[in-house]
Amino acid sequence: MKKLLVGGVIVVFLAALAFSRNAKSSSGKEPEVATALRGTVTQEVSARGTVAPVEDVELSFDSSGRVGAVFVDVGDRVKKYQLLATLQSGELSGELAQARATVSSEQARLKEYEASIAVEEAKLLELRRGTREEDMRVKEAEYAETKQKLKNDYADVSVTLDAAFLHADDALRKKTDALFFSDEENPILSFVTRNSASKSILESERWRLGDVLTQWGNAIKPLSADDPEGVLEAALTEGRENLVQFRNFLNVAMDAVSDAVDTSSAATYKADITTARVNLNAALSDVNAVMQAIASQKNALDKISRELERMRAGTREEIITAQEAALSRAQSARDAQEAQIAYARGRVTSVEAQLAKKSIRAPFAGTVTERMIDPGETAAGGKIVLSLVSSAGYAMESFIPEVDIGKVRPGALATVSFDAYRDSTALSGAVSHIDPAETMREGVATYNVTFAFDNIDPRVKPGMTGDIQIIGERRENVLFIPERALLRTENGYEVRVREDDGTLRVSPVTIGLRGSDGAVEITEGIEENETVVVSPVP
């Protein structure tokens, strides 16, 4: 057993001695070594990229037509929803105005229906509530007041007709007296007029109206407020008809004077006739006012009388049923009107949609980059006529090969150096988007990656190119060695550790992150400050 053990020790010693000797090259130089240190391992990806706007769009009309106006040019800044261009649309604009007017009209009519419903609801509520004693007293007082107003109006009849008669008498016997010789029995015009028809009418009417005036005076003289209503109303009607006759007489007189051969007195005649006409018109207006007041008060009195009769009789069930039907009809009319408004609004929406197809608006705030149309030209629907880039800023786009895309994640920091500004400080940013689908470029599978700048340099323009350095992953305070020190085995990796006495030992290791600078993280297998062989040992 001792011999075997001693022999084994000798074999191990000789093997170690041989390995230690093999640590030197044939030239006798020590192999390149490195110390396992703690620090930061960073994995980066390098790529080329191109500046592109965050958002851009090519705009076209939805329909074909002749261009009416273009409101922007290349380089113009525009606001979101700003109108950029329109096709000619005169007829549609008119239709839209008419459709909107129809909506307004129908809405006004709806308010009338709603007011009608409110009235019918109030009536139904009152019917269901029944007549209260205080309501009866109010209605009776209203009846008495209206009846007194009617009586007062009838009292005004004789006064009003007396005043009207005086104006008619003044017009016939004073204001036009100078126009006639022997005006009572055989009236003859006192001046020569070219209007022979007027002369004949005036002379015959002067004699007839004299009799009318006399009879009228005799008829209204005995009138009083105590006369029957029918008598007073008939007197008003007769008085109005008489005033109209006298006014017509004055109109003919004015025509005759206007055609007088001798105009020396024409001005005086015209002034008197004008005064008479003004007085007669005022008298006629007063008579009409009394007639209208009487008619209004009679209608009001009749309405109040019927309401009193109903209140005294109480509310019958059939009356309530009838009022419910009236309310239902009003509500149906309102519903039908709302449907009409909905239809009118639909028409407005339809025309607006047609007009929208004839206009182009900016979908976002930005800058016009291309303009391919001018007013008067024909634009085809769907053909690009304007281009716009967003004012939200620019981004960098790059196509990362499949072998590197696994090292890139959204949010990863990056720096960009532009070809045009090599002497300038690189701009910082981060990965904002990674396309999930691959893009084949020259037979290589790539993925489109977008980088957002932290602060955009105003000198940066769309289309500029540059180099991008992406920090895929970064681990701090980790143990690392040069990747060249790794030896690949069937079970993973191992390194050759040089001991303090110069001998080498093989140690399996577990690796972590591979750095872009050639460093590799060691998570297990060696300790900090241990020395590993980097160059191969012959």
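Residues numbered from 1 in each chain as written. Predicted model: local features only at pLDDT ≥ 70, side-chain atom pairs only at ≥ 80, totals over all residues. Heavy atoms only, no water.

A.B. asks: Let's hear about the overall build of the chain: which residues, and what values?
C.D. replies: Summing up its helical and strand segments, the chain has eight helices and 23 strands in all. The C-alpha radius of gyration computed for the chain amounts to 56 Å, which surpasses the reference 24 Å derived for 538 residues by more than 25%, pointing to a less compact arrangement than a globule. Projected onto the principal axes, the alpha-carbon positions of the chain cover approximately 185 × 70 × 35 Å. Taken across its 538 residues, the chain has 36% of its residues classed as buried. Within the chain, contacts between residues separated by at least 24 positions form 77% of all contacts whose residues are at least 6 apart in sequence. Per element, the accessible surface of the chain, about 31,100 Å² overall, is 51% carbon and sulfur. (Helix = DSSP H or I, 4+ residues; strand = E, 2+ residues; numbered from the N terminus. Rg over C-alpha atoms; globule rule 2.2 N^0.38 Å. Buried < 20%, exposed > 50% of the residue type's maximum accessible area, 1.4 Å probe, protein only. Contact = heavy atoms within 4.5 Å. Areas by Shrake-Rupley, 256 points an atom, 1.4 Å probe, with all protein chains shown as cover.)

A.B. asks: For the sheet that holds strand β10 (residues 366–371), give the residues involved together with the corresponding values.
C.D. replies: Pairing is antiparallel in the open sheet, where four strands are placed in the order β3-β12-β10-β5. Among the strands making up the open sheet, the edge pair consists of β3 (56–60) and β5 (77–78). (Pairing = 2+ DSSP bridges.)

A.B. asks: Tell me what's going on with a negative patch on the surface, and back it up with residues and numbers.
C.D. replies: A surface patch of like charges, here negative, comprises E55, D56, E58, E370 and E397. Position of E58 relative to the elements: it lies in strand β3. (Patch = residues over 30% accessible without salt bridge, like charges linked within 9 Å, V, L, I, M, F, W, Y side chains within 5 Å. Salt bridge = Lys/Arg side-chain N within 4 Å of Asp/Glu carboxyl O. Lys, Arg positive; Asp, Glu negative; His and termini not counted. Charge placed at Lys NZ, Arg CZ, Asp CG, Glu CD.)

A.B. asks: Would you mind going over the side chain of N448 in detail, with residue names and values included?
C.D. replies: Topologically, N448 is positioned in strand β17 (residues 444–453). Once residues within four sequence positions are removed from consideration, N448 is found in contact with E397, S398, F399, H433, I434 and D435.

A.B. asks: How would you summarise the sheet that holds strand β9 (residues 359–361) if you had to cite specific residues and measurements?
C.D. replies: Here we have four strands laid out as an open sheet, ordered β9-β6-β4-β11, and antiparallel in their pairing. With one partner strand each, in any of the chains shown, β9 and β11 (378–379) form the two edges of the open sheet. Sheet topology places strand β6 (residues 83–87) next to β9; three bridges connect them, and they run antiparallel. Looking at β9, one finds that L83 is bridged to R361.

A.B. asks: So what's going on with the confidence of the model for the chain? Residues and values would help.
C.D. replies: Confidence in the prediction of the chain, expressed as mean pLDDT, is 85, and 92% of residues score 70 or more. Across residues 1–27, where pLDDT falls below 50, the model places 14 contacts with residues more than four positions away in sequence or in other chains. (pLDDT = per-residue confidence, 0-100.)

A.B. asks: Kindly report on the packing of aromatic side chains, identifying the contributing residues and their values.
C.D. replies: Under the definition given, this model contains four aromatic pairs. Seen from their ring centres, F165 and W216 are 5.6 Å apart, and the 80° between their planes marks the pair as edge-to-face. Separated by 51 residues along the polypeptide, F165 in helix α3 (residues 133–175) and W216 in helix α4 (residues 196–220) bring together distant segments of the chain. Note on F165: relative accessible area 17%, which makes it buried. (Phe/Tyr/Trp six-rings, centres within 6.5 Å; stacked < 30°, edge-to-face > 60°.)

A.B. asks: Tell me what's going on with the pairing of strand β13 (residues 394–401), and back it up with residues and numbers.
C.D. replies: Of the strand pairs in this sheet, strand β2 (residues 37–53) and β13 are connected by five bridges, and their pairing is antiparallel. What sits directly across from P53, in β13, is Y394. Here β13 runs beside β17; their pairing, made up of seven bridges, is antiparallel. Looking across to β17, one finds that E397 is bridged to T450.

A.B. asks: Quick one: what's the story with the side chain of T367, residue by residue and with numbers?
C.D. replies: Position of T367 relative to the elements: it lies in strand β10. Excluding residues that lie within four positions of it along the chain, T367 makes contacts with G75, D76, R77, S387, L388 and V389.

A.B. asks: Now, about α3: what can you tell me, with residues and values included?
C.D. replies: Here α3 is 43 residues long and its end C-alpha atoms lie 61 Å apart, about the 63 Å a rise of 1.5 Å per residue gives. Of all bends in α3, the biggest is about 30°, found at V157. (Expected span 1.5 Å × (residues − 1). Bend = angle between axes of the 7 residues up to and from the residue.)

A.B. asks: Provide a residue-level description of the packing of α3 against helix α5 (residues 229–258), including the pertinent values.
C.D. replies: The N-to-C vectors of α3 and α5 enclose an angle of 25°; their axes lie 10 Å apart at closest approach. Judged on the interaxial angle alone, α5 and α3 are roughly parallel. Classified by chirality, the crossing of α5 by α3 is left-handed. Touching L150, Y154, V157, L161, A164, A168, A171 and L172 of α3 are E229, L232, E233, A235, L236, G239, L243, F246, F249 and L250, all from α5. Grouping the constituent residues of the contact of α3 with α5 by class yields 15 nonpolar, one polar and two charged. (Axes fitted to C-alpha atoms, helices over the stretch in contact; angles between N-to-C directions. Parallel < 35°, antiparallel > 145°, perpendicular 65-115°, else oblique. Left-handed = near helix turned anticlockwise from the far one by under 90°. Nonpolar A, V, L, I, M, F, W, Y, C, P; charged D, E, K, R; others polar.)

A.B. asks: Can you lay out the nonpolar core for me, pointing to particular residues and giving the numbers?
C.D. replies: Within soluble globular proteins, side chains that are nonpolar generally end up buried alongside one another. Grouped together as the largest cluster of nonpolar side chains are 45 residues, with contacts concentrated most on W216 and F246. Looking at this core, the elements with two or more residues in it are α3, α4, α5 and α6 (266–313). Discounting residues that sit within four places of it in the chain, F246 has contacts with A168, L172, L209, V212, L213, W216 and L280. Listed in part, the 21 residues of the second largest apolar core include V51, A412, F418 and V460. (Core = buried A, V, L, I, M, F, W, Y, C linked by side-chain atoms within 4.5 Å.)

A.B. asks: Could you give an account of helix α7 (residues 317–356), naming the residues involved and the relevant values?
C.D. replies: Under the 1.5 Å per step criterion, the end-to-end length of α7 is 58 Å for 40 residues, consistent within 8% with the ideal 58 Å. On its buried face, α7 is in contact with α2 (90–129) and β9.

A.B. asks: Now, about unusual backbone geometry: what can you tell me, with residues and values included?
C.D. replies: Residues other than glycine seldom take positive phi values, yet Y81 does so here, at roughly 70°. Note that Y81 resides in the loop between β5 and β6. With relative accessibility at 53%, the residue Y81 sits in the exposed group. Here N529, not a glycine, exhibits a phi torsion of approximately 75°, which is positive. Within the fold, N529 resides in the loop between β22 (519–524) and β23 (531–533).

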